[in-house]
Amino acid sequence: MKIVLCCMLIIMLCGCQSNNKETGIFSLEENSSNDSYDITGDDLADNIIYVTNSNEYDIYTGIDITINDETITLETLDPCYDIVVSVIQLSNNCFLWVNGTGDNGDDPYQCLYQYKDNHLENVLQFDEMISPYGFHITTKATDVSDNEITICQSCISASLGRIVYNDTYVYEDNAFTRKNTTVPISSITYSNENEYGTIKNDIIGYKDASLSQELETIKAGTIANPTGLDFDEDHLSIEITTKDNSTYWVKGSSEFDEENLIFEESYYAG
């Protein structure tokens, strides 16, 4: 009899455990019960439901997220016309990603939340590092592997206009850090839609992102493209690759003035 009771207890406990530990990005359906994820970190599947709140103009003002019958409200400070909530499952941790769409495609949330002490804590603000150097920032989580999250981010930068680049965050010791300060630029928007841009003014080219060793002056009229960024809250360096495959690093700017645009074809309009 004791053996039977023990077996039943084991089956019940196993049945209550989270049934989705697969790493990935999983969109949740609004106003629908989702019970496949352990967002509270107790190794049990949680019941997650979210509902968007809107005003009389059908503009979203926030969302109510209910986790196991406890409702948490996340308000938005800016107008928002669409909100998507997803679970981001890392190898040993589960997070909620709130992705909104506002004016000019801006995301007023850009947050990754973790459930702690009966509330949702913002543990990763995706636009924090780039915001001193750009605006109209949008972020999309594109891939998850083990304890890493890869994002595709775009912004209008003071030095380059509209650019798109990829970045990766690593979750270690209960915190997120960027895997590298240097990230590749995947695209830039030019007014003439050409493959390459034209350096607007003479600019000093450096050996690496530290900008400590000058190589030579990159002359105005040089055909080139930006191929990488190195940035944190204190600095921005930009990798420039010319059409003949010479590579330099140049100093980026946080001041939005057309004189600070590196390429003739770059512009600030969204």
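Remember, predicted model here, so these are calculated numbers, not experimental data. Residue positions are given per chain, counting from 1 as you read along its sequence in written order. Side-chain atom pairs in this predicted model are given and counted only at pLDDT of 80 or more, local residue features only at pLDDT of at least 70, and totals for whole chains, interfaces and linings cover all residues. To obtain the side-chain values, all non-hydrogen atoms of the structure were used and water was disregarded.

### Quick word on the sheet that holds strand 8 (residues 111-116)
The line we're drawing: For two strands to be treated as a pair, DSSP must find at least two bridges joining them. Under the DSSP-based scheme used, a helix requires at least four consecutive residues in state H or I and a strand at least two consecutive residues in state E, with every element numbered from the N terminus. With axes taken as lines fitted to C-alpha atoms, and helix axes fitted only over the stretch in contact, angles between N-to-C directions fall between 0 and 180 degrees.
Read from one edge to the other, the open sheet built from 5 strands follows the order 1-6-7-8-9, with strand pairing classed as antiparallel. Where the open sheet ends on each side, the last strands, each with one partner, are strand 1 (24-27) and strand 9 (119-125). Pairs of neighbouring strands in the sheet enclose a mean axial angle of 35°, with direction left out of account. Across 8 bridges, strand 6 (residues 82-89) lies against strand 7 (residues 94-101) in antiparallel orientation. What sits directly across from V84, in strand 7, is N99.

### Description of the nonpolar core
The line we're drawing: Each nonpolar core is a collection of buried residues, namely Ala, Val, Leu, Ile, Met, Phe, Trp, Tyr and Cys, held together in the definition by side-chain atoms within 4.5 Å. The rule is simple: take the accessible area with a 1.4 Å probe, protein chains only, and divide by the maximum for that residue type; under 20% is buried, over 50% is exposed, in between is partly exposed.
If you look at the biggest cluster of nonpolar residues, it comprises 24 residues, and the most contacted ones within it are L160, Y165, L229, F231, I238, I262 and F263. Residue assignment for this core shows that the elements contributing at least two residues are strand 12 (161-172), strand 14 (182-188), strand 18 (223-231), strand 19 (236-242) and strand 20 (247-251). Judged by nonpolar contacts, the second largest core, of 23 residues, contains F26, L28, V98 and Y115.

### Quick look at the environment of H136
Stated formally: Residues are treated as being in contact if the distance between any of their heavy atoms lies within 4.5 Å. We call two N or O atoms a polar contact when they sit within 3.5 Å, provided that within protein one can donate a hydrogen and the other can accept it, with sequence-adjacent residues counted only if both atoms are side-chain atoms.
Residue placement: H136 occurs in strand 10 (residues 134-145). Classification of H136 by relative accessible area gives buried; the value is 17%. Between the C-alpha atom of H136 and that of P108, which follows or precedes it by 28 residues, the distance is 9.9 Å. With near-sequence residues (within four places) excluded, H136 lies in contact with N104, D106, S154, C155, I156 and R162. Engagement of the side chain of H136 in a polar contact is seen with the side chain of D106, the distance being 3.0 Å.

### Describing the side chain of Q114
Residue position: Q114 is located in strand 8. A distance of 3.5 Å separates a polar atom in the side chain of Q114 from a polar atom in the side chain of Y171.

### Side note on the side chain of N99
Tracing the chain through its elements places N99 in strand 7. Polar contacts involving the side chain of N99 include one to the side chain of K140, which spans 2.8 Å.

### Topic: the packing of aromatic side chains
Defined as follows: To pair, rings of Phe, Tyr and Trp, with the six-membered ring standing in for Trp, must have centres within 6.5 Å; the planes then decide the type, stacked if under 30 degrees apart, edge-to-face if over 60, and tilted in the middle. When the NZ atom of lysine or the CZ atom of arginine is within 6 Å of a ring's centre and also within 35 degrees of its normal, the charge is said to sit over that ring.
Counting across every chain of the model gives 9 aromatic pairs. Summarising the aromatic geometry, the rings of F135 and F256 are spaced 4.9 Å apart at their centres and angled 65° between planes, so their arrangement reads as edge-to-face. One end of the pair, F135, is in strand 10; the other, F256, is in the segment after strand 20, and 121 residues separate them in sequence. On the basis of an interplanar angle of 75° and a centroid distance of 6.1 Å, the ring pair of Y165 and F231 is categorised as edge-to-face. Here the residue Y165 occupies a position in strand 12, and F231 occupies one in strand 18, the gap between them amounting to 66 residues. Following the ring pairs from residue to residue traces out a cluster consisting of F95, Y171 and F176. In this structure, R178 is placed above the aromatic ring of F231, and the distance from its NZ or CZ to the ring centre is 4.1 Å.

### Some remarks on the confidence of the model for the protein chain
Rule in force here: The predictor's confidence in any single residue is recorded as pLDDT, a number from 0 to 100.
Per-residue confidence for the protein chain averages 89 on the pLDDT scale, and 92% of its residues sit at or above 70. Counted against residues more than four places away or in other chains, residues 1-18, with its pLDDT under 50, gives 12 contacts.

### Here we look at the pattern of salt bridges
Close approach of charged atoms allows side chains of opposite charge to pair. Formally: One speaks of a salt bridge when a side-chain nitrogen belonging to Lys or Arg is within 4 Å of a carboxyl oxygen belonging to Asp or Glu.
For the structure on display, the rule yields 4 salt bridges. Note that K179 is salt-bridged to E148, the shortest N-O span being 3.2 Å. You can see K179 sitting in the loop between strand 13 (175-178) and strand 14 and its partner E148 sitting in strand 11 (residues 148-157), a full 31 residues away along the chain. For D202, the salt bridge goes to K219, with nearest N and O atoms at 4.0 Å. In this pair, D202 is assigned in the loop between strand 15 (197-198) and strand 16 (203-206) and K219 in the loop between strand 17 (214-218) and strand 18, connecting sequence segments 17 residues apart.

### A short note on a negative patch on the surface
Quick note on the threshold: Like charges within 9 Å and nonpolar side chains (Val, Leu, Ile, Met, Phe, Trp, Tyr) within 5 Å are joined into patches, using only residues over 30% in relative accessible area that form no salt bridge. Note on areas: Shrake-Rupley, 1.4 Å probe, and residue coverage restricted to the protein chains presented here. When charges are counted, Lys and Arg contribute as positive and Asp and Glu as negative, whereas His and the chain ends are disregarded. All charge positions are set by atom: Lys at NZ, Arg at CZ, Asp at CG, Glu at CD.
Together, E255, D257, E258 and E259 line one region of the surface with negative charge. The exposed category is assigned to E255, whose relative accessible area is 56%.

### Some remarks on the environment of S54
With respect to the element layout, S54 can be found in strand 3 (residues 46-54). For S54, a relative accessible area of 43% corresponds to the partly exposed category.

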